[in-house]
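Residue-level structural notes
Listed below are the residues making up each chain.
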Amino acid sequence: MATLDQLKSALRGTAAAIVPGRIGSPMTGIQYSDGFDIFTRDSAWLTYQDFIIPQLSRQLAPLLDSLTHVSVLEIGPGPKSVMGYLPDHQRNKITRYNAFEPIHLFVTRLETWLRGQSEASVPPLPGLQTPAIIHRAGFSKSGSKNVHQPNRSNNSTAQTHDNTKFDVVIFCHSMYGMHPKRDYIARALEMLKDGGMVVVFHRDSATMDLDGLVCSRTACFPTGVVSINDEDEELDRFTRFIAGYSPGSSVLAEWRQVCRSVGRKTKASGHLEFSAPDIMLAFNKHAASALPDLLANVPSEEKSMVRIKNRTARLRRSAAVVRPTEIKHVQYCVKWALKHELGLTVVGGSHSDHCIWPGIVAVDMSAFDSVHVLPPGVGVGRTNYPDTGSLIIAGAGSNTGDIIKKAMAEGLTVPLGSRPSVGTGLWLHGGIGHLARLHGLACDAILGALVVSAASGDVMCVGYVPGSHAPADAIRQKDDGDLLWATKGAGSNFGIVISVTFKPRQNPIYWTWNRVCPLGKSVVNARGMLRVYDREAKDLARSFSTDAYLYFDQGGLQLGESVYKVTSPTPDDAPAAINELQAEMINPWMVPRKNFEVKNAVDLFDTEMYMSAMHGGHAGGKTSAFKRCVFLRSVGDADVGEILVKALGSRPSPLCYFHLLHGGGAVSDVPPATTAFGCRDWTFACVVTGVWSRGQDDTETSRAVVRWVYDVVEKLLPLCTGVYAADLGPDPRDAVLAEKAFGPNRPRLARIKRTWDPNNVMAYSCPLPTNTAPMEPKLIILVTGESGAGKDYNAAIWTSIFTNKGYSAVVASISESIKRDYAQATGANLNLLLSDRAYKEQHRVALTTFFQERAREHPNLPRDQFLQLVYRHAEVDVLFITGMRDQAPVCEFSHRVPDSRLLEVRVTASPQTRRLRRGEGSEPPNVQTYKDTPLPYRPSLTFNNDDEAPGKEGPIKFANNHLLPLLDDKLKKLASMVRTTPNFPRPGINFRHILGIAQQPGGLSLCTSLLQQHFSGDWTKVTAIASCETGGYIFASPLAMQVNVPMIPIRAAGKLPPPTTVASTPAAEGGQKKEPEPTAKIELNLDALPLPGTDAHGSLAVVVVDDVLATGRTLCAVLQLLVKAARISVENISVLVVAEFPVHRGREFLRQQGFGRVRVQSLLVYGGA
């Protein structure tokens, strides 16, 4: 199936051969219209439906959301504008529409369409405030003047001025005949208003030369197809339009034959199909001016000088390839991208087919190719890494072979991939090698990374990075657990990695053996041998791994196998290793290729069967390949075997094959939530490998192979347990695969992506969701309490109350996953553990011990369990979580779910009630078991089972008074009054103007009412309201008047008359600041306290009111004034804020400063900074 571009070349070549030196006549308007109509119907319309319209809507959304009136200039719209197919809320904002259309017939049809097909119909652009202006002329790259405007009643000519500006300029398949295209786009850029955008849709333009223009975003649609009837008249209309002119009848007759020879004829309809890949290129106002700035500050190379191994990537035209040689160069790249609102790709090992992308700047990291082995105890700043073993620091430009060679010289190794030339992208997204069963994946060995943040361009030490290998200005996050977690499985999505810190292992030797089983052409034989192989592989010890290859060679189907036995490097182990290997490899159908061989880690690379044995050997650069990989529990499954064998029968190239990598073992030992690599439940990684000869690059054969790979993966998808993310990129066919690439971790990764790459600078890595829709429940309620207090009982009642009110609500236990693992390890009955209280009590001690052991092995287990539950139930409105035992869980976890309101309801009950609920009778065997332990913090709410009304009445009343109001529509109304300003005060920040509530009609009154209503204390016992500076005063003053208590103003030091007492804001710790924030002093006028004398102040009850809670530094100083200076008890202080930003961990900061017993409440909760 030829592409339209290839068809065009074939048609013109045929015409030149028949009538040399003659082109033919230009098409008439009717001929052009007939050809154009073919591209707006049937299969061709799917390109508009599935690609052009959704992409245009997505690209324009930020612009249209920020403007009330939008002006559009469309170049060559044809008889209808694509803008008329946008969603209603976007179309309604288009108030001015201009177009250049040189085909007069289209002008008439376009004018009629814009007015509406009839008087009763709604116009496609209903928001137009002035009549559309359609210029009956082509668009000039030098600026159009004196163009005829046929929609004017007097048919006069009107002049378009060079200073006419638009918010949007769009070319939708209208750049044909425009040469050079770069100049036309540059002219369109000159016509943009500030913040405007040029959007181009074009076919076969992956190699379009933009000559210095940089795209803000690009997207591809490689699956577009144009289908036409195989009839002479239809083919004539089609070929004229493709060739761009009308030839004589003899040429038309030959053109029909060309179409029939290069098109794909469908069996069902008899139509001819042609590949019509499409691409979108979006440009902002920086497109023409940004690149010189970058190239003046960062070294660059011509793309041809860069060693791009992936042949598909080589064919694309990037905007430029820069080759930074210092970390500051990488920082400049990221800051440049943020400043100009652009994206970047990264070239590491260059195996990825998306390391080069059209119109995007590529950052080649090959200069960062150093590998360092640090002996035990060597390194500066190792305080956060207790292990005293060796470390390996690998630069992002190094490859697996570099690391293995350097490590092997020191008697060490790292469990990396099985090819020496693969680079950073593989390690960060998994890394499956021959040591995986014994030591896990490459990403499991990552201890830390030096990363240039995509959010800011700052250098960050993520996890453990030795001080000797980090620049002096590198930022060490106090809490970088999320980013380190994400780096281990999805690390290319959040910044540009400079180096990776690995934990090495002892260097082994490998006993290897290759063998082959000829299967002939029998499908039954093939399925049977796959079952045998599957059974044998699952029975192997962890020190063994076996890779299989299913392929055609020598006229029949072959099942090849490479067997590896990992042993210590001592010669004494040799006899035992041989005996063990021979005992395991008893399959009589396998024919050995060679005897056992002993290999070190470097020599092992050349023992792979596909390098030396299959198809004459794939080494030496004779072939190109395209791969996608899925994870399977079994290859012996009949359905899997059927798919694999049948797929090889339909392979478009004889070189295609399946590579089955052996998993399980240490790979499966790691819980899915421990790292971002969440696909752990598999025995085989099935690499669907499409291969073609280098001479077939960019031909129908190579495209057919790629389609074959995706078709096979699509068939395997329902049977697989996951997809390998290392291969995936911005190809839209990868989007459905990415849904299964991270197991249960995808929602959490999406959250981290939005935090650490808010501008989507790293847009061309494995796709993660970047939409702004909440990916967490609106309300998360942690139901805590001692055993037997009634947590599960009350949570079930509260869930039903929310459900009855129309909300979606569920209860989930934090301990369920541990109970599952415990049942699997011990043989306990899982169903009884989950549902039978008496049975659970029998296993309580053993279960607790099991959990503690798992927590020691995986210190982040409580956090990971919590997040796994949250993201599993991301679609519900309210999530109740029981079984959590962490101290101050709201302080500990709120920053992990910053878009959700997180609170703790502590359920209490008397010892007698708890004993009865646990089935232990009225007399406890040990009174100490039921002694209540005072909490060092204050829960959000407390529900006492003994004090409340009996039965369900008490929980229902509690929910109505305290829980349901948290989803009150009035809170939504208040949130709607908070204006968001993007990229203020710096790029990546969405500033919420909380004080703007007071500027809205009724805003202050509503906020005051909600503060009064949501206070969980007793207003009759409140002595005063305290507040600090302007933000707090605005909301505190009307609240104090509403509840009729005095307001205590707290101001910057020196602003109040004596007698005063002073406190300082604590210095900032951790965070993203390079330098500590300066402290500030605030003061309280002692005369403002409502009770005379200081010795009585302990009985005061004060509510502190402020506009926001972020870092908590200012609020901490206020609390210090009230507690230390004014001697008010912590128990008698509450905090009410209008808005909270949990990512700054203000609650945890207050707790660490000794204010954990202060109740903190907020009306609104916002993610982001």
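Residues numbered from 1 in each chain as written. Predicted model: local features only at pLDDT ≥ 70, side-chain atom pairs only at ≥ 80, totals over all residues. Heavy atoms only, no water.

For the protein, the name recorded in an unreviewed UniProt entry is Phosphoribosyl transferase domain protein, with Podospora australis as its organism. The heading Sequence similarities (unreviewed entry) in the UniProt record of the protein holds the text "Belongs to the oxygen-dependent FAD-linked oxidoreductase family." (UniProt positions renumbered as here; feature names shortened; annotations may be inferred.)

The number of helices and strands found in the protein is 37 helices and 47 strands. A total of 1169 residues make up the protein; the buried ones form 56% of that total. Considering only residue pairs separated by 6 or more positions, the protein has 75% of its internal contacts joining residues 24 or more positions apart. (Helix = DSSP H or I, 4+ residues; strand = E, 2+ residues; numbered from the N terminus. Buried < 20%, exposed > 50% of the residue type's maximum accessible area, 1.4 Å probe, protein only. Contact = heavy atoms within 4.5 Å.)

For Q55, the position within the fold is in helix α3 (residues 42-66). In contact with Q55, other than residues within four places in its own chain, are F201, A219 and M280.

This brings us to empty space enclosed by the protein. Counted under the stated rule, the structure contains seven cavities of 30 Å³ or more. Of the pockets and cavities examined, the largest cavity occupies roughly 190 Å³. Every residue lining the largest cavity is counted, 17 residues in all, and those nearest its centre are C891, R938, R1147, G1156 and V1158. No other element matches the four residues that helix α37 (residues 1146-1155) contributes to the lining of the largest cavity. The computed volume of the second largest cavity comes to approximately 130 Å³. Lining the second largest cavity are 16 residues, and of these G417, H434, Y510, L604 and F605 lie nearest its centre. (1 Å grid on protein atoms, 1.4 Å probe; cavity = no way out; pocket = protein on both sides within 12 Å on 5 of 7 lines; lining within 4 Å. Points joined across faces, edges and corners; volume = space filled by probe spheres on them.)

Helix packing for two helices is described by the angle between their axes and how far apart those axes are. Relative to each other, helix α33 (residues 969-976) and helix α34 (residues 1003-1014) sit at 140°, their axes nearing to 10 Å. Classed by the angle they form, the pair α33 and α34 counts as oblique. Crossing of α33 against α34: the hand is left-handed. On α34, the residues touching K970, L971, K973 and L974 of α33 are G1003, L1006, C1007, L1010 and H1014. Classifying every residue of the contact of α33 with α34 gives five nonpolar, two polar and two charged. (Axes fitted to C-alpha atoms, helices over the stretch in contact; angles between N-to-C directions. Parallel < 35°, antiparallel > 145°, perpendicular 65-115°, else oblique. Left-handed = near helix turned anticlockwise from the far one by under 90°. Nonpolar A, V, L, I, M, F, W, Y, C, P; charged D, E, K, R; others polar.)

Looking now at unusual backbone geometry. Backbone torsion omega between H179 and P180 reads -15°, so that peptide bond is classified as cis. With respect to the helices and strands, the residue P180 is situated in the loop between β6 (166-172) and α6 (181-190). Cis geometry marks the peptide bond from P1058 to P1059; its omega dihedral reads 0°. Within the fold, P1059 resides in the loop between β42 (1047-1052) and β43 (1060-1064). Positive phi outside glycine occurs at H173, with the angle close to 55°. With respect to the helices and strands, H173 occurs in the loop between β6 and α6. Owing to a relative accessible area of 8%, H173 belongs among the buried residues under this scheme.

The next subject is the sheet that holds strand β9 (residues 225-228). With antiparallel pairing, three strands are arranged side by side in an open sheet as β9-β11-β10. Looking at the sheet topology across the chains shown, the edges are occupied by β9 and β10 (264-265). Pairing between β9 and strand β11 (residues 272-275): four bridges, direction antiparallel. Residue pairing in the sheet places V226 in a bridge with F274 of β11. Its contacts with the sheet place helix α7 (residues 232-243) against β9 and β11, and it is angled at close to 145° to β9. (Pairing = 2+ DSSP bridges.)

Looking at soluble globular proteins, one finds that nonpolar side chains tend to be buried together. With 104 residues, the main nonpolar core has F502, L550 and F658 as its most contacted residues. Ranked by the residues each element gives to this core, the list is headed by helix α21 (residues 700-716), at eight residues. (Core = buried A, V, L, I, M, F, W, Y, C linked by side-chain atoms within 4.5 Å.)

It is worth spelling out the sheet that holds strand β35 (residues 809-813) at this point. Spatial ordering of the open sheet is given by β35-β36-β34-β37-β38, a layout of five strands whose pairing is parallel. In this open sheet, the two strands that pair with only one neighbour each are β35 and β38 (941-944). Put simply, the sheet's adjacent strands are angled 25° from each other on average, direction ignored. In this fold helix α29 (residues 861-872) packs onto β34 (779-784), β35, β36 (878-882) and β37 (901-908), with an angle of close to 150° to the strand it touches most, β36.

Two elements in contact, helix α24 (residues 791-804) and helix α32 (residues 953-963), have axes separated by 9 Å at closest approach and are oriented at 55°. One way to sum up the angle between α24 and α32 is to call them oblique. Helix-helix and strand crossings are classified by hand; for α24 and α32 the assignment is right-handed. Each of N794, I797, W798, I801 and F802 in α24 lies in contact with α32, whose residues at this interface are P955, I956, F958, A959, N960 and L963. Residues belonging to the contact of α24 with α32 are distributed by class as follows: nine nonpolar, two polar and no charged.

Our focus in this paragraph is the pairing of strand β7 (residues 192-203). Of all 12 residues in β7, nine are buried, a share of seventy percent or more. Where β6 and β7 come together, six bridges link them in parallel fashion. In the sheet register, I170 faces β7, and the bridge partner there is V199. Each parallel crossover has a hand, and the one from β6 via α6 to β7 is right-handed. Of the strand pairs in this sheet, β7 and strand β12 (residues 278-283) are connected by six bridges, and their pairing is antiparallel. Note on β12: the bridge partner recorded for V198 is F283. (Right-handed = clockwise from strand over helix to strand, strands pointing away.)

Look at helix α11 (residues 327-340): 20 Å from first C-alpha to last across 14 residues, which is about the 20 Å you get at 1.5 Å a residue. Where α11 terminates, the next one or two residues include E341, which has phi positive at roughly 60°. (Expected span 1.5 Å × (residues − 1).)

Considering all chains together, one arrives at 34 aromatic pairs under this definition. Judged by centre distance (5.8 Å) and plane angle (65°), the ring pair of Y32 and F106 falls under edge-to-face. You can see Y32 sitting in helix α2 (residues 29-38) and its partner F106 sitting in helix α5 (residues 104-115), a full 74 residues away along the chain. The class of Y32 is partly exposed, set by a relative accessible area of 26%. (Phe/Tyr/Trp six-rings, centres within 6.5 Å; stacked < 30°, edge-to-face > 60°.)

Under the definition given, this model contains 50 salt bridges. Of the charged contacts in the structure, one is a salt bridge between R91 and D88, with a shortest N-O distance of 2.2 Å. Linking R91 with D88, this pair stays in helix α4 (residues 88-91), spanning three residues, or about one helical turn. The class of D88 is partly exposed, set by a relative accessible area of 48%. Residue E326 is joined to K328 by a salt bridge in which the shortest nitrogen-to-oxygen separation is 3.9 Å. Residue classification places K328 among the exposed positions, given a relative accessible area of 52%. Three or more residues are tied together by salt bridges with common partners; here these are D230, D232, D236, R256, R260 and K265. (Salt bridge = Lys/Arg side-chain N within 4 Å of Asp/Glu carboxyl O.)

Quick look at the pairing of β12 now. Across the six residues of β12, six count as buried, placing the element largely inside the fold. With burial as the criterion, each face of β12 is covered, one bearing D278, M280 and A282 and the other bearing I279, L281 and F283. Pairing of strand β8 (residues 217-221) with β12, which is carried by five bridges, proceeds in the antiparallel orientation. Opposite A219, over in β12, you have M280 as the bridge partner.

Examined against the element boundaries, N284 turns out to sit in the loop between β12 and α9 (290-297). Between the C-alpha atoms of N284 and V198, which are 86 residues apart in sequence, the distance is 6.4 Å. At a separation of 2.9 Å, a polar atom in the side chain of N284 contacts the main-chain carbonyl oxygen of H340. (Polar contact = N/O pair within 3.5 Å; in protein donor to acceptor, adjacent residues only side chain to side chain.)

A separate point is the confidence of the model for the protein. Summary statistics for the protein give a mean pLDDT of 86 and a share of 89% for residues scoring 70 or more. Within the protein, the element-level pLDDT minimum falls on strand β5 (residues 157-158), averaging 34, and the maximum on strand β1 (residues 70-75), averaging 97. Note on residues 144-161: pLDDT under 50 across the span, and 35 contacts to partners over four residues away in sequence or across chains. For residues 1092-1097, every residue scores under 50 in pLDDT, and the model assigns this stretch eight contacts once sequence neighbours within four places are set aside. (pLDDT = per-residue confidence, 0-100.)

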